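# Architecture and fold: a report
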Amino acid sequence: AQRVTQPEKLLSVFKGAPVELKCNYSYSGSPELFWYVQYSRQRLQLLLRHISRESIKGFTADLNKGETSFHLKKPFAQEEDSAMYYCALQAGGTSYGKLTFGQGTILTVHP
Amino acid sequence: KAGVTQTPRYLIKTRGQQVTLSCSPISGHRSVSWYQQTPGQGLQFLFEYFSETQRNKGNFPGRFSGRQFSNSRSEMNVSTLELGDSALYLCASSLAGTGANVLTFGAGSRLTVL
């Protein structure tokens, strides 16, 4: 069975500082990995997925299969980045719609 | 376009009762997934439906069931409610097909079991 671990429950940084939200996974196959974000009073929404290799709102994430990690990074945090961030894994094959989520990290960006 | 719509948004039930939650996916999305979110267990996958067929199921007891209609709308049912079923139930829809599916989530139905 697959597992996603986000070791930090809370993460606080100051505006303009770099931020890294850690995500480690365990899965024997080739996973699809995502970061979802939930801003205050908003719905859970996709931030980015590894297959796209894109930068969204200044965030990037690189899949490191050797270290089984998919850390989320942003060089200069903004106050509007404060939110709950979830790392999620979709196993290969026929795991349609089935995501395994980490416990989430609450990011607070102080002014 | 309209997002994923879940009804009701809030409901209170007592132990032993049953509950039915509804989800209308984004137009054109044929896959609907359900998740349970609790402070202790986080987000846990319940099941996924596509073309009225359950394709995936999580590790929940048989009291949790669902179905999907021909218009892709989905319902989930929880019978013989227990206190531990109190949670936010999230529905998500996607285009389905193969590959990495991006899920679009609804606002959730918050169930309180007394």
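Residues numbered from 1 in each chain as written. Chains lettered and ligands numbered in written order. Predicted model: local features only at pLDDT ≥ 70, side-chain atom pairs only at ≥ 80, totals over all residues. Heavy atoms only, no water.

## Considerations on the pattern of salt bridges
What counts is decided by this rule: Salt bridges are defined as contacts in which a side-chain nitrogen from Lys or Arg sits within 4 Å of a carboxyl oxygen from Asp or Glu. Throughout, exposure labels follow a simple rule: accessible area from a 1.4 Å probe, protein chains only, divided by the maximum for the residue type, with under 20% read as buried, over 50% as exposed, and the rest as partly exposed.
If you walk through the whole model with that rule in mind, you get 8 salt bridges over all chains. One salt bridge connects A:Glu20 with A:Lys22, and the closest N-O pair in it is separated by 3.2 Å. On the basis of relative accessible area, A:Lys22 is assigned to the partly exposed category, the value being 29%. B:Glu75 is paired through a salt bridge with B:Arg67; the nearest N and O atoms lie 3.3 Å apart. Judged by its relative accessible area of 45%, B:Arg67 falls in the partly exposed class. Residues joined in a network through salt bridges with shared partners are A:Glu20, A:Lys22 and A:Lys73.

## Here we look at the interface of chain A and chain B
Rules: Note on contacts: a residue pair is in contact if any heavy atoms of the two residues lie within 4.5 Å. In this description, buried area is defined as the sum, over both parts, of the accessible area (probe of 1.4 Å) that is lost when the two are combined. The definition of a polar contact used here is a pair of N or O atoms within 3.5 Å, where within protein one atom must be able to donate a hydrogen and the other to accept one, and adjacent residues in sequence count solely through side-chain atom pairs. Secondary structure counts use DSSP, requiring at least four H or I residues in a row for a helix and at least two E residues in a row for a strand, with both numbered from the N terminus.
Listed by partner, the interface residues are 19 residues for chain A and 24 residues for chain B. The junction of chain A with chain B conceals about 1,800 Å² of combined surface from both sides, 54% of it contributed by carbon and sulfur atoms. Of all residues in chain A, the largest losses of buried area upon contact with chain B belong to A:Arg43, A:Tyr96 and A:Gly97, amounting jointly to 35% of the total for that side. At the boundary of chain A with chain B, the tally comes to 0 salt bridges. Remark: the boundary between chain A and chain B carries 7 residue pairs in polar contact (both at pLDDT 80 or more). Of all the secondary structure elements, the ones that give two or more residues to the side of chain A that touches chain B are β5 (32-38), β6 (45-49) and β9 (83-90) of chain A. Here the side of chain A that touches chain B takes 4 residues from β5(A), the largest share from any one element.

## Focus: the confidence of the model for chain A
This is how it is decided: The score called pLDDT rates the predictor's confidence residue by residue, from a low of 0 to a high of 100.
Per-chain confidence: chain A averages 93 in pLDDT, with 99% of residues scoring 70 or above. The lowest-confidence element of chain A is strand β7 (residues 60-64) of chain A, averaging 91 in pLDDT; the highest-confidence one is strand β11 (residues 105-110) of chain A, averaging 98.

## Here's the deal with the pairing of β5(A)
All names here are of chain A. For clarity, the threshold we go by: When DSSP finds two or more bridges between a pair of strands, those strands are recorded as paired.
The buried fraction of β5 is high, at 6 of 7 residues. Where β5 and β9 come together, 7 bridges link them in antiparallel fashion. Across the sheet, Val 37 pairs through a bridge with Tyr 85, a residue of β9. Two strands pair when backbone bridges link them, and β5 and β6 are joined in this way by 4 bridges, in the antiparallel orientation. Bridge pairing in β6 links Trp 35 to Leu 48.

## A short note on the packing of aromatic side chains
Definition in use: For Phe, Tyr and Trp, where Trp contributes only its six-membered ring, two rings pair if their centres lie within 6.5 Å, and the inter-plane angle classes them as stacked under 30 degrees, edge-to-face over 60, or tilted in between.
Under the definition given, this model contains 11 aromatic pairs over all chains. Seen in terms of ring centroids, A:Phe101 and B:Tyr35 are 5.6 Å apart; in terms of plane orientation they differ by 85°. Their pairing is edge-to-face. Of this pair, A:Phe101 sits in strand β10 (residues 100-101) while B:Tyr35 is found in strand β4 (residues 31-38), placing the two residues in two different chains. This pair shows no difference in class: A:Phe101 is buried, exactly as B:Tyr35 is. In this structure an aromatic cluster arises from ring pairing among A:Phe34, A:Tyr36, A:Tyr86, A:Phe101, B:Tyr35, B:Phe45 and B:Phe105.

## Concerning the state of the cysteines
Which entries qualify depends on this criterion: The disulfide definition used here is simple: a pair of cysteine sulfur atoms within 2.5 Å.
Evaluated as defined, the whole model comprises 2 disulfides over all chains. One disulfide bridge connects A:Cys23 with A:Cys87, the sulfur atoms lying 2.0 Å from each other. One disulfide, between A:Cys23 and A:Cys87, carries an S-S torsion of -65° and so falls in the left-handed class. You can see A:Cys23 sitting in the loop between β3 (19-21) and β4 (24-26) and its partner A:Cys87 sitting in strand β9, a full 64 residues away along the chain. Taking the relative accessible area as the measure of exposure, A:Cys23 reaches 0% and is therefore buried. What pairs with B:Cys23 in a disulfide is B:Cys91, and their sulfur atoms sit 1.7 Å apart. Taking the sign of the torsion about the S-S bond as the criterion, the disulfide between B:Cys23 and B:Cys91, at about -55°, is left-handed. Linking B:Cys23 in strand β3 (residues 19-24) with B:Cys91 in strand β9 (residues 87-94), this pair joins segments that are 68 residues apart in sequence. Given the relative accessible area of 0%, B:Cys23 is considered buried.

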